[in-house]
Structure formats: structure tokens, C-alpha cells
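# Coordinates in review
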Amino acid sequence: ELFAALSASETAFINMEDERIAALPTKAKKVAYGFSEKADIWADAIEVKAGKMVFVLHHAGKSQAASFPMIGRHHVLNAVSVYAMAIHLGLAPDLILQRMASFQMKMHRGEIVRRGTITMIDDTYNANPDSMNKSLHALAEGYSGKGMVAVLGEMLELGENSQALHAEVGALVKELGCEALYAYGPQAKAYLEGFGYEGEEAGSHFFNDHTIMAEALNKKYRGKENTVMLFKGSRGMAMEKVLELIG
């Protein structure tokens, strides 16, 4: 409806990585962005280096090296969309790239916290199946080969499909190579089923108390080299309360 309401004198920014968005009709001038030459502005040669995403940004026949201090391809797509809009508003390309490289994420939205031997990704602000998928893939992109641990709170308000959706996330955690999964909240038990835990092993990875969960994590991982923990859950799970007690 938004695109359809735009006039020919206005501009629509089109995410070419979403087929539904790319197919929407509009009278507006289109500025397409994404990961391929089909777009007006696109990024390729995407890599993780030194805790950030580095890539090449292409626009108007020019290619420039760029970086963004968050891990995950979805963050690169966000950065490219911002670049497209900033260019449209008349900002200088070099200034946009400079500000992009120095970006700082707000609290609980992907912050990197280091305590001792443990690196923690604080993505505790909120969660749904799609954001869980993106955060877990970002964990695997940035920290493959290290001791990856998912510490996940329940995803609230998922209705009758809640158990199946939690189990799917648990299976993804396993598929991406995490060595362990710890779950918080009643529906979060399905994470453990999806991961493959059973019986006593499942019980030892499920919690309903932030402090007790943190104590278990500290006992297992304090002093263990190359440990990377992703903390994420719905806002009501307040998973940052666990993270604050780690280390």
C-alpha cells in the first residue's frame, strides 16, 4: 500500500533481496539495493574480518571498499539501504562510508561484550523466528571454529505454532555448529528438543531463573578459551539479566 500510494515525483527504495518487495508495483522512481548487479547500489565480496563486515560497495560505475562494525550479512544489507537513502538526500559518499564504519549499535541490539575468555553477543532486546535465524547465522559467520553457545529465551506470542517454531530454532542451532544450547522460559523447552537434547541432558540445559542459569554457565565456561555466547530472547524474557552475571 505504501509503494502504491507514492506518486511519480517520489522515490521508492527497493530491497532486491526480498522477492515480494521487488515485485510491488509503484509509480515512484525506484532505487534498488541488494547483493547483485540487478540493483542500482549493491554490495559484494562480503567477508568477516576483525569482528566486522567488510565488503565492496558499487554505485554509479564506482566501487569502494566499505565496512560495518556488526557481524552478519543482514547488517550489510541494512548498511547498503542506508547508503542508498543517504546518497539520495545528497550526502557525500566518503562521509557516508566513514559514518558507516564508525556506527555503534544501541544497547541489547547486537553489542559485543567481552569478559575474561568469554565473548558475548548481547542481542537481548527482542526475538522472533526471523530475527533468531539472522542472529544465529551471524554467529556462525563471525565465529565458526570457536566454541559457540546459544543462550536463548522463549519467543513470546507465537500462538499455536509456538512449539514447532522453537524446535526449528533449536535444530538450526545444531545445524550451524553450536556446541551447546541453554534455554529459558516455558516454551523454550522446545529449543532443546530441536537441538537433540533428551532426558537429564535436556533438564540440565533448561532454566526458569536468571541467576541459576548464569551460575551454570559460569561453572561450565568461565576460563574456557574461545567461548562465544549469543544471548537472545523476547523482551519479556530479559535475557540481559543472565548476561550481566557472566564472567
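So, here is what we can say about the structure in this document. Keep in mind the model is a prediction, meaning the values are calculated, not measured.

Let us now look at the environment of glycine 203. Take glycine 203: it is sitting in helix α8 (residues 199-203). Residue class for glycine 203 comes out partly exposed when judged on its relative accessible area of 47%. Separated by 21 residues in the primary sequence, glycine 203 and tyrosine 182 have C-alpha atoms spaced 9.9 Å apart.

This next bit is on the pattern of salt bridges. By the definition in use, this model includes six salt bridges. Among the ionic pairs, aspartate 130 bridges to lysine 134, the shortest N-O distance being 3.0 Å. Of this pair, aspartate 130 and lysine 134 are both found in helix α5 (residues 129-143), four residues apart, which corresponds to roughly one turn of the helix. When its relative accessible area of 32% is taken as the criterion, lysine 134 is described as partly exposed.

This next bit is on helix α9 (residues 210-221). Taking 1.5 Å per residue, twelve residues should reach 16 Å; α9 reaches 16 Å between its end C-alpha atoms and fits that length. Looking at the buried positions of α9, the neighbouring elements they touch are β7 (118-123), β8 (147-153), β9 (180-184), β10 (206-207), β11 (227-232) and α10 (240-243). The backbone nitrogen of threonine 211 lies 2.9 Å from a side-chain oxygen of the residue at the head of α9, namely aspartate 209.

What follows concerns the sheet that holds strand β4 (residues 52-59). Neighbouring strands of a sheet are bound in pairs by backbone hydrogen bonds; such pairs are parallel or else antiparallel. Across the sheet, which stays open at both edges, the five strands sit in the order β1-β2-β3-β4-β5 with mixed pairing between neighbours. The open sheet has two edge strands, β1 (11-15) and β5 (62-68), and neither has a second partner. Adjacent strand axes in the sheet meet at a mean angle of 20° when their direction is disregarded. With five bridges joining them, β1 and strand β2 (residues 29-34) adopt parallel strand pairing. Looking at β2, one finds that asparagine 15 is bridged to tyrosine 33. On the sheet, helix α3 (residues 73-88) packs against β1, β2, β3 (41-49), β4 and β5 and is oriented at approximately 140° with respect to β3.

With 72 residues, the main nonpolar core has Leu181, Leu217 and Met229 as its most contacted residues. Here this core gets eight residues from one element, more than from any other, and that element is α3. Membership of the second largest hydrophobic core comes to eight residues, among which are Leu6, Ala28, Ala32 and Trp42.

Criteria and thresholds
- Residues numbered from 1 in each chain as written.
- Predicted model: local features only at pLDDT ≥ 70, side-chain atom pairs only at ≥ 80, totals over all residues.
- Heavy atoms only, no water.
- Helix = DSSP H or I, 4+ residues; strand = E, 2+ residues; numbered from the N terminus.
- Buried < 20%, exposed > 50% of the residue type's maximum accessible area, 1.4 Å probe, protein only.
- Salt bridge = Lys/Arg side-chain N within 4 Å of Asp/Glu carboxyl O.
- Expected span 1.5 Å × (residues − 1).
- Contact = heavy atoms within 4.5 Å.
- Polar contact = N/O pair within 3.5 Å; in protein donor to acceptor, adjacent residues only side chain to side chain.
- Pairing = 2+ DSSP bridges.
- Axes fitted to C-alpha atoms, helices over the stretch in contact; angles between N-to-C directions.
- Core = buried A, V, L, I, M, F, W, Y, C linked by side-chain atoms within 4.5 Å.

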